[in-house]
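# Close look at the chain arrangement
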Amino acid sequence: MKLVNLTTFFDTFGKAGKPRMNMSIYRESFKCACGKSHWFDESIKIVCEGTGMKIAVLCPEEAFITSLKIKTFMVFKFKGFESISGAQIKTEGDAVLLASVFKLMRLQ
Ligand SMILES: [Zn+2]
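Now for a quick tour of the structure. (Residues numbered from 1 in each chain as written. Predicted model: local features only at pLDDT ≥ 70, side-chain atom pairs only at ≥ 80, totals over all residues.)

## Things to note about the sheet that holds strand E7 (residues 64-73)
Strand order in the open sheet formed by six strands is E1-E8-E7-E6-E5-E2, with mixed pairing between adjacent strands. Looking at strand neighbours, the two that pair on one side only are strand E1 (2-4) and strand E2 (16-17), the edges of this open sheet. In the sheet, E7 pairs with strand E8 (residues 77-88) via nine bridges, with the strands oriented antiparallel. Note on E8: the bridge partner recorded for Phe-64 is Gln-88. In this fold helix H1 (residues 6-13) packs onto E1, E2, strand E5 (46-50), strand E6 (54-58), E7 and E8, with an angle of close to 140° to the strand it touches most, E8. (Pairing = 2+ DSSP bridges. Helix = DSSP H or I, 4+ residues; strand = E, 2+ residues; numbered from the N terminus. Contact = placed C-beta atoms within 7 Å. Axes fitted to C-alpha atoms, helices over the stretch in contact; angles between N-to-C directions.)

## Quick word on the environment of Trp-39
Looking at where Trp-39 falls in the secondary structure, it is placed in strand E4 (residues 37-39). Between the alpha carbons of Trp-39 and Arg-27 there is a distance of 7.3 Å; along the sequence they are 12 residues apart.

## Details of the nonpolar core
Nonpolar side chains in soluble globular proteins generally cluster together in the buried interior. In this structure, Phe-9, Ala-33, Ala-56, Ile-65 and Leu-68 are the most contacted members of the largest nonpolar core, which totals 23 residues. Of all the elements in the fold, those that place two or more residues in this core are H1, E5, E6, E7 and E8. Excluding residues within four positions of it along the chain, Phe-9 makes contact with Val-4, Ile-65, Ser-85 and Ala-87. (Core = buried A, V, L, I, M, F, W, Y, C linked by C-beta atoms within 7 Å. Buried ≥ 20, exposed ≤ 12 C-beta atoms within 10 Å, placed from the backbone.)

## Some thoughts on H1
Of all the positions in H1, only Leu-6, Phe-9, Phe-10 and Phe-13 are classed as buried. Angular distribution of buried residues about the axis of H1 spans 90°; they occupy a single face of the element. Of the residues in H1, the exposed ones pointing more than 90 degrees away from the buried face are Thr-7 and Asp-11. Positive backbone phi, at 80°, marks Gly-14, one or two positions downstream of H1. (Arc of directions from axis to C-beta.)

This is how it looks when you write it as structure tokens:
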């Protein structure tokens, strides 16, 4: 996983949309940008969805965001999460950026 700054994180994430996928079928632990692994369930906050089965999630413990690729076999069979990149939310600018992304997602 590549650790980048938050602006680069959203730049490389690409086109993002409001989370709409049914994520209840995807239960697996994922490697978080904070360095730990977390179990993915409904307690994990999804920031946005991207094209190609990609999601951005918030770390449940610290101020980190991670982009995950949902790996599947023949579309239907879930094969786990692949962590693509991550960023730490550390500056006031980062917090503002994240807040504006959340606002944008609610408007969609
Ligand atoms: Zn974490």
